2 protein chains.
Amino acid sequence: MPSDVQTSYSKRAEEYTTLFGSMESVHPSDVQLVTAWAGQIDGPILDAGCGPGHWTGYLAEKGHDSRGVDHVRAFIAHAREVHPGVPFDVGSIDVLPDAPGSLGGVLAWYSLIHHKPATIARPLGEFARVLRPGGGLLLGFFTGPAVEPFEHAVVGAYRWPPEVLAEEVRRAGFEVVEIHTRTGAAPKPRPHGAILARLRVTGR
Amino acid sequence: MPSDVQTSYSKRAEEYTTLFGSMESVHPSDVQLVTAWAGQIDGPILDAGCGPGHWTGYLAEKGHDSRGVDHVRAFIAHAREVHPGVPFDVGSIDVLPDAPGSLGGVLAWYSLIHHKPATIARPLGEFARVLRPGGGLLLGFFTGPAVEPFEHAVVGAYRWPPEVLAEEVRRAGFEVVEIHTRTGAAPKPRPHGAILARLRVTGR
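The rules we used
- Residues numbered from 1 in each chain as written.
- Chains lettered and ligands numbered in written order.
- Predicted model: local features only at pLDDT ≥ 70, side-chain atom pairs only at ≥ 80, totals over all residues.
- Heavy atoms only, no water.
- Salt bridge = Lys/Arg side-chain N within 4 Å of Asp/Glu carboxyl O.
- Helix = DSSP H or I, 4+ residues; strand = E, 2+ residues; numbered from the N terminus.
- Buried < 20%, exposed > 50% of the residue type's maximum accessible area, 1.4 Å probe, protein only.
- Contact = heavy atoms within 4.5 Å.
- Core = buried A, V, L, I, M, F, W, Y, C linked by side-chain atoms within 4.5 Å.
- Right-handed = clockwise from strand over helix to strand, strands pointing away.
- UniProt positions renumbered as here; feature names shortened; annotations may be inferred.
- Least-squares fit on C-alpha atoms with pLDDT ≥ 70 in both.
- Axes fitted to C-alpha atoms, helices over the stretch in contact; angles between N-to-C directions.
- Parallel < 35°, antiparallel > 145°, perpendicular 65-115°, else oblique.
- Left-handed = near helix turned anticlockwise from the far one by under 90°.
- Nonpolar A, V, L, I, M, F, W, Y, C, P; charged D, E, K, R; others polar.
- 1 Å grid on protein atoms, 1.4 Å probe; cavity = no way out; pocket = protein on both sides within 12 Å on 5 of 7 lines; lining within 4 Å.
- Points joined across faces, edges and corners; volume = space filled by probe spheres on them.
- Lys, Arg positive; Asp, Glu negative; His and termini not counted.
- Polar contact = N/O pair within 3.5 Å; in protein donor to acceptor, adjacent residues only side chain to side chain.
- Buried area = accessible area lost by both parts, 1.4 Å probe.

An unreviewed UniProt entry lists chain A under the name Class I SAM-dependent methyltransferase, with Labedella populi given as the organism.

Following this line, the structure appears as structure tokens:
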């Protein structure tokens, strides 16, 4: 993840947290999707790029063994304060500290959007490494007709056609289980996508 | 709705009901979507093309003033038996008995898929007629890259690109609020779409 992302989010962490750092800001369909997905996970769940930690905290509340990681220190400080008892670490999703095959699920909710398309294989490869065979991956992202940058409120980001991102996910060793999209009245909210995938059991 | 649809469903109503006639066969995301949509509806809800009536019954259970209509008599007979106290009528969604502006919501879950594309304006116009201004419409359908027929287990049906169907919905007097899609691992389940719309308050 480029360091300008870290810098930009650090500067606006408070504002971002106020706007998006709670479950109240989440679309009910996303709550259902993440909840149902997590309910099928066997093993610890990593909220990869957890931001202010609202999903991590929510999953912990639901009884999951969840943990958050983000490279923006202000987010992690906030997350630790709001969700005491839930583990949060400062770190990059490009280089996870977890042992191979040690996790049941990885949630990457809008945390891949700042990766340049050519570098997205890196975190996806990390997710594949740390998940046990059959482990679950759930990605949230912005959709568009082509892989292209757009002006994100905090720092540059990319939208992906769902099938193009799904192909990256398959290339990283996953079987894509479902793809969801949602568009609202233009121009906001931005078209949204979600990919549910499972780490293939037989070698990649 | 063409009469061969009625005949074909009548012949296979029992089989269809066993396979799809209960909430157990419904995707959890659809349960959430319909539930959340219905929760925002003010007024009676018509389950237009209700089939064996599982959605009508579900909505009634949730406290909604819901009613089902379907032109397949065997479905309505089943629905009345399984959901006593919930009103069901035999009838066509092309010619609804309801008074103009008398309903709060119309659910048309996979009930437009058998209409030839050139005739879909008919039921959509009926929905617009019977809904009060601001009333809600929720459509479920199969998606595809073009408007095209496909071999449905019971009788011929059409898949629609979400945006093409959305345009028909707008033309009927609605504002499209959200479009959802979901694809699973090929070839089944079939790619699914849902359109949430609101009847425009100012004249059409």
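Further notes follow.
Here the focus is the pattern of salt bridges. Where charged atoms from two side chains of opposite charge approach closely, those side chains can pair. All names here are of chain A. Enumeration according to the criterion identifies 20 salt bridges over all chains in this entry. Measuring nitrogen to oxygen at the nearest pair gives 2.8 Å for the salt bridge that ties Glu126 to Arg129. With a gap of three residues between them, Glu126 and Arg129 both fall in helix H5 (residues 121-130), about one helical turn apart. The buried category is assigned to Glu126, whose relative accessible area is 11%. A single network of salt bridges, built from pairs that share partners, joins Arg67, Asp89 and Asp98.

We now examine the side chain of Glu168 of chain B. Residues and elements named next belong to chain B. Within the fold, Glu168 resides in helix H6 (residues 162-171). With relative accessibility at 16%, the residue Glu168 sits in the buried group. In contact with Glu168, not counting residues within four places along its chain, are Ile120, Leu124 and Trp160.

Time to look at the nonpolar core. Of all hydrophobic cores here, the largest spans 52 residues; its most connected members are Phe127, Leu137, Leu139 and Phe174 of chain A. No other element matches strand E5 (residues 131-142) of chain A, which puts six residues into this core. Other than its neighbours up to four places away in sequence, Phe127 of chain A contacts Ala48, Ile93, Leu96, Val106, Ala108, Leu112, Leu137, Leu139 and Phe174 of chain A. In terms of nonpolar packing, the next biggest core, distinct from the first, is built from 51 residues, Val106, Leu107, Phe141 and Ile179 of chain B among them.

Attention now moves to the pairing of strand E4 (residues 103-109) of chain A. Regular strands place side chains that alternate from one sheet face to the opposite one. Here E4 of chain A lies mainly inside the structure; seven of its seven residues are buried. Crossover connection from E4 of chain A via H5 of chain A to parallel E5 of chain A: handedness right-handed.

Taking the UniProt record as the reference, the feature "domain: Methyltransferase" (unreviewed entry) is found at residues 45-135 of chain A. Within the segment residues 45-135 of chain A, helix and strand shares are 31% and 26% respectively, and the terminal C-alpha atoms sit 10 Å apart.

Rotating chain B by 180° about the axis while translating it 0.0 Å along that axis superimposes it on chain A, leaving an RMSD of 0.0 Å. Within this description, the copies of the chain are treated as partners about a two-fold rotation axis. By C-alpha distance to the rotation axis, the residue of chain B lying nearest is Thr181 of chain B, at 2.5 Å. Counting the interface residues of chain B, we find that 100% of their copies in chain A are interface residues as well, pointing to one common contact surface.

Relative to each other, helix H2 (residues 28-39) of chain A and helix H2 (residues 28-39) of chain B sit at 155°, their axes nearing to 10 Å. Of the possible angle classes, the one that applies to H2 of chain A and H2 of chain B is roughly antiparallel. Read as a crossing pair, H2 of chain A and H2 of chain B show a hand that is right-handed. Where H2 of chain A abuts H2 of chain B, its residues Pro28, Ser29, Gln32 and Leu33 of chain A lie against Pro28, Ser29, Gln32 and Leu33 of chain B. By residue class, the composition of the contact of H2 of chain A with H2 of chain B is four nonpolar, four polar and no charged.

We now examine empty space enclosed by the protein. Following the criterion strictly, the structure yields two cavities of 30 Å³ or more and no others. What the largest cavity holds in volume is close to 180 Å³. Residue lining of the largest cavity: 17 residues in total, with Ser29, His180 and Thr181 of chain A together with Ser29 and His180 of chain B positioned closest to the centre. Contributing elements (two or more residues each) for the lining of the largest cavity: H2 and strand E8 (174-184) of chain A together with H2, strand E8 (174-184) and strand E9 (192-199) of chain B.

Note that Arg159 of chain A resides in strand E7 (residues 157-159). Taking C-alpha positions, Arg159 of chain A is 9.9 Å from Leu112 of chain A, a pair spaced 47 residues apart along the chain.

Within the element layout of this structure, Glu178 of chain B appears in strand E8. Buried Glu178 of chain B, no salt bridge; nearest opposite-charge side chain is Arg182 of chain A, N-O distance 4.4 Å. A distance of 2.6 Å separates the side chain of Glu178 of chain B from the side chain of His27 of chain A, its partner in a polar contact. Not counting residues up to four positions away in its chain, the partners in contact with Glu178 of chain B are His27, Arg182, Thr183 and Gly184 of chain A together with Ala194, Ile195 and Leu196 of chain B.

Attention now moves to the interface of chain B and chain A. On the chain A side, the residues contacting the 15 residues of chain B number 15 residues. Contact between chain B and chain A buries roughly 1,200 Å² in total, counting both sides, with carbon and sulfur atoms accounting for 40%. Seen at the junction of chain B and chain A, the total is eight residue pairs in polar contact (both at pLDDT 80 or more). Within the residue set of the side of chain B that touches chain A, elements represented by two or more residues are H2 and E8 of chain B. With nine residues, the single largest contributor to the side of chain B that touches chain A is E8 of chain B. Of the residues assigned to the side of chain B that touches chain A, the class counts are six nonpolar, seven polar and two charged.

All names here are of chain A. Between H2 and helix H3 (residues 54-61), the shortest axis-to-axis distance is 11 Å and the interhelical angle comes to 55°. In terms of their interaxial angle, H2 and H3 are classed as oblique. Classified by chirality, the crossing of H3 by H2 is right-handed. The segment H2 lies against H3, with Asp30, Val31, Val34, Thr35 and Ala38 engaging Trp55, Tyr58 and Leu59. For the contact of H2 with H3, the class distribution of residues is six nonpolar, one polar and one charged.

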